[in-house]
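# Remarks on the overall topology
The residues making up each chain are set out below.
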Amino acid sequence: MSDINTLKPHPAAAPGNAELFLGFLWLGLIGFGGVLPLARSMLVERRRWLSGKQFTELLGLCQFLPGGNVINLSVAVGMEFRGLRGALCALLGLISAPTAIVVGLGMVYARFQNDPHVQHVFAGLAAAAAGLLLSTGIKMLLPLRGKWPALAIVALALIAIAWLRLPLLPTMLVLAPLSILLMWRWPS
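Figured I'd write up the structure that's included with this text. Since we're looking at a predicted model, the values are computed, not measured.

### Focus on the overall build of the chain
Looking only at helices and strands, the chain has 7 helices and 0 strands in total. In sequence order, the secondary structure elements of the chain are arranged as α-α-α-α-α-α-α. Over its C-alpha atoms, taken along the principal directions, the chain stretches across nearly 60 × 45 × 25 Å. Burial statistics for the chain: of 188 residues in total, 29% are counted as buried. Per element, the accessible surface of the chain, about 11700 Å² overall, is 72% carbon and sulfur. Across the chain, the mean location of the 14 positive side-chain charges is 4 Å away from that of the 6 negative side-chain charges.

Here's what the structure looks like:
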């Protein structure tokens, strides 16, 4: 496992503060309701600021921290490339436009929430978001191909949270040390 504190951009040059702001602003605008699949696409595939492995490792750390995963990810990416200013630029880019949109849509929804057409729109959006999340999960599993200890941890997490409905925090408190032990014992 590479050291998260020494991330280097994949093959592209390190982004500046304006690029971080605009990249995460675009992400916040187009990823309305489900940013994680689009975050991976932007950071790994389009802008190539991170490799797939770096993204997966950084997201794993961000998921363990309190707060929203993609918000944590924006701060971590901005901090890595441009320090505190980069973290602020990425964070403000990510949250400014969606915040304004949510306030506006909240006002519209309060007025029309009982309209069946509006209810159908939200049901369709939920299905699309579920599909995007599933697609991202599969893409994140690909770098783990053949790494049986890591895949075992993924399986244990799915069983504990999705099937047994155990709370996330206790599950992570058990699986995080177990995954560290397994990766130390059987490095890939």
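### So, helix H7 (residues 168–185)
Between its terminal C-alpha atoms H7 stretches 25 Å, which fits the 26 Å expected from 18 residues at 1.5 Å a residue. Buried within H7 we find Thr171, Leu175, Ser179 and Leu182. Where H7 is buried, its residues contact helix H6 (148–163).

### Describing the environment of tryptophan 184
Here tryptophan 184 is to be found in helix H7. Through-space distance from the C-alpha of tryptophan 184 to that of glutamate 80 is 25 Å; in sequence the pair is 104 residues apart.

Reading the values: the criteria
Residues numbered from 1 in each chain as written. Predicted model: local features only at pLDDT ≥ 70, side-chain atom pairs only at ≥ 80, totals over all residues. Heavy atoms only, no water. Helix = DSSP H or I, 4+ residues; strand = E, 2+ residues; numbered from the N terminus. Buried < 20%, exposed > 50% of the residue type's maximum accessible area, 1.4 Å probe, protein only. Areas by Shrake-Rupley, 256 points an atom, 1.4 Å probe, with all protein chains shown as cover. Lys, Arg positive; Asp, Glu negative; His and termini not counted. Charge placed at Lys NZ, Arg CZ, Asp CG, Glu CD. Expected span 1.5 Å × (residues − 1). Contact = heavy atoms within 4.5 Å.

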